[in-house]
Every structure is written in structure tokens, then in C-alpha cells.
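A structural walkthrough
Below, each chain spelled out in residue letters.
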Amino acid sequence: MSKPTAVQTPWYDETVKALQLAGMGDRTQECYARAVRKLLEFYPKDPKRITEEELKEYFLYRRNESEWAPATMKICYCGLKFFFIHVLQRKWPLFEYLKAQKENRLPAVLTVEEVRLILSHVRTFHNYAYLVTVYTCGLRLQEALFLQVSDIDGKRMMIHVHRGKGARDRYVPLPDETYRMLRKYWATHRNPVLIFPALGRGQKDAATSKTPMAIDSVQGAFRQAKHEAGIIKRHVSIHTLRHSYATHLLEQGVNLRVIQRYLGHARIETTMLYLHLTQKGHEDASRIVNQSMRGFENGRHSTHLS
């Protein structure tokens, strides 16, 4: 988490404690605590003195002046609502109708060929191994970064994901080639805990590192590879590899419920998004309709059709 200022520390700490007691995952704690920090930077005073009207003005400022995206506003609303209700014990009417605008934009998705092209332009083995793992196992960015040696089940060829969103455990299939590549990469550092440890200066600290590779580092490597591959689709990021994984499984006929389990979605409605990202079902349906509805062209009354 970003380090708060001395003035913010007590409230920042109280927020984190309340989030932990509420059973929130690490990523949610980080996002909600950041929302509190942003508010306290905007109003540099004791948060007990922030009024409901001032909070309304803050939300409107972020929405209209800062032009925060709907997803960012949702985190802002949820984080500050949690803070004011559960930490400051405020029961304001504002929280009864506060709602972020829904974002209906479909995520970008890459073809298998585009994924291969991007990965072929990744320059370093550690970034390549990481990005291949994200795609071939459908992992979220941080899930892959925090993978541990003990998460790899080589006998069953599965990965145990237990630091996922919402702290939901799941197992995902580990492709043979990915497993062999991970073994080869791990042999370059032999860290006893982490699969993707921070390398340190001169890549000498990987064997003893207690932290994973930096997010900025892998994101930068992906952006560079995407640029060199000539991919011009908008909103393509590391997370796009996960969307592409799910879409490609769906196109190959994998059941939607199975994909839901692999992705760790709590609701099938979330997984159903991928139905909008593929033409495979529509193409198959058209073919089936054409095959099933044959035999009427030369029927008894066909001569009466003009």
C-alpha cells in the first residue's frame, strides 16, 4: 500500500483494521484504504469534521472534474462508504442512493495468433514466463505474481490459486508446456518460496527475495511487446490475456460453468460476458439452423412462390 502521511496514519490504520475484520481481501483493503487516503488529501483535516455535504462535493469533483472512470468511482464510493459507516459510524442518507454509473464497454480480446505475436516480442525470460503463465492459466495479474512453489501440483497438473480476488480458492489446469517452462525458469533462481521473485539489482537477489516482481515491471514489458508486435487494439493490457484465455476456451467448446470455475467467478453472469466476445456460437447456430431446416425448397407448393 502507498505510505500515508503522519496526519492520515491513525485513520488509515483504523480503516485497514476494519477491512481485515470484515474479511476483505488484500487487494480490496489496498483499494479502499487508498480511497480514504485520497479523501484526506483533498480535505486535510480530521475526517470526523467532514460533513455529508462536503462528501457529496468530493464525489461530484472526482466524477466531473477529475473525470474518474466508472470503475474508479465505484471503488471510491465503496471505500468511503465503508469508512464512514463502519469506522466513523455515520448513517447518512447519501449512502442509501450512492451508485456508480455502469460501464457497459466490452473488454478487448486477442486472437490466439495475436497473443503468440505479443509474447514473441517479450525480451526477457522472467517476463516471458510470467506472461505465458497468465495467459495459459487464465490468472489475474497479482495471482500470477504471488504464485508460490507449493502452489504447483505437478502430479495432478494443477495450480492452486488461494490468493485470488475475494480470497476464493480454486484449482486451474496447468498445461504441460507451461509446467516445463516454469520448472526451467525456476531453475534460474531456485527461490524456495516464490515462482516470480523480484530480481533485484543485476538480477542477483532472486534466490532470497521475499517479494514478487514489481507490477510496473511486467506491465511495462507487456506494453513494449504489444507495441513492437504492432497490436493497435485499444484497452489491451495484461488482464486482456485472461479475457482471451476464457474466450478461446469458450470457442473450443469448454462448458461455461467450467470456465467460471477456472476463472474464480462467484456468479455465472460474470462469466457470461464472454458470450459477447466470440462469434463461434453464432456461427455454429447458423450452420445448425441451415442443416436442420433443409428440404422445403422443392416442396409441394414451391411452384406457387414468386
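Here the structure is shown first, and the text comes after it.
Residues numbered from 1 in each chain as written. Predicted model: local features only at pLDDT ≥ 70, side-chain atom pairs only at ≥ 80, totals over all residues. Heavy atoms only, no water.

**Looking at the sheet that holds strand β3 (residues 170–173)**
Applicable threshold: One bridge is not enough; two strands pair if DSSP finds at least two bridges between them. Only DSSP runs of H or I reaching four residues or more are called helices, and only runs of E reaching two or more are called strands; each is numbered from the N terminus.
Strand order across the open sheet formed by 3 strands is β1-β2-β3, with antiparallel pairing between neighbours. Looking at the sheet topology across the chains shown, the edges are occupied by β1 (152–153) and β3. Here 4 bridges tie strand β2 (residues 158–161) to β3, and the two strands are oriented antiparallel to one another. Opposite Met158, over in β3, you have Pro173 as the bridge partner.

**As for helix α12 (residues 256–263)**
Threshold: Only protein chains enter the accessibility calculation, which uses a 1.4 Å probe; a residue is then buried when its area is under 20% of its type maximum, exposed when over 50%, and partly exposed in between. This arc is taken over the directions from the axis of the helix to the C-beta atoms. Polar contacts here mean pairs of N or O atoms no more than 3.5 Å apart (in protein, one a potential hydrogen donor and the other a potential acceptor; neighbouring residues in sequence count only if both atoms are side-chain atoms).
Those residues of α12 that sit buried are Leu256, Ile259, Gln260, Tyr262 and Leu263. The buried residues of α12 occupy an angular sector of 165° when projected down its axis, which confines them to one face. Seen from the buried face of α12, the exposed residues on the opposite side, beyond 90 degrees, are Arg257 and Arg261. Structurally, the start of α12 carries an N-cap: the backbone nitrogen of Arg257 is 2.7 Å from a side-chain oxygen of Asn255. Positioned one or two residues after α12, Gly264 has a phi angle of 80°, which is positive.

**Considerations on the nonpolar core**
How we decide: The set of buried Ala, Val, Leu, Ile, Met, Phe, Trp, Tyr and Cys residues whose side-chain atoms join them within 4.5 Å is what this entry labels a nonpolar core.
Membership of the largest hydrophobic core comes to 52 residues, with the highest contact counts inside it found for Tyr130, Leu131, Ile159, Leu174, Phe196, Ile238 and Leu241. Looking at this core element by element, the count peaks at 7 residues for helix α7 (residues 125–137). Counting residues in each nonpolar core, the second largest holds 29 residues, with Ala35, Ile50, Cys76 and Tyr77 among its members.

**So, the side chain of His265**
For the record, the criterion: Here, two residues are considered to be in contact whenever any of their heavy atoms come within 4.5 Å of each other.
Considering the arrangement of structural elements, one finds His265 in the loop between α12 and α13 (268–271). Residue classification places His265 among the buried residues on the basis of a relative accessible area of 14%. In this structure the side chain of His265 is engaged in a polar contact, spanning 2.8 Å, whose partner is the side chain of Thr271. Sequence-distant contacts of His265, defined by excluding residues within four places in its chain, comprise Arg140, Arg242, Gln260, Thr270, Thr271 and Tyr274.

**Things to note about the pattern of salt bridges**
This is how it is decided: Throughout this description, the term salt bridge denotes a Lys or Arg side-chain nitrogen within 4 Å of a carboxyl oxygen of Asp or Glu.
For the structure on display, the rule yields 10 salt bridges. A salt bridge links Lys17 to Glu14; its shortest N-O distance comes to 3.9 Å. Placement of the pair is Lys17 and Glu14 together in helix α1 (residues 9–21), with a separation of 3 residues, close to one helical turn. A relative accessible area of 48% means that Lys17 is categorised as partly exposed. Owing to a relative accessible area of 38%, Glu14 belongs among the partly exposed residues under this scheme. Arg156 is the partner of Asp153 in a salt bridge, and the nearest nitrogen-oxygen pair spans 3.4 Å. Through salt bridges with shared partners, a single network forms among Arg140, Glu143 and Arg170.

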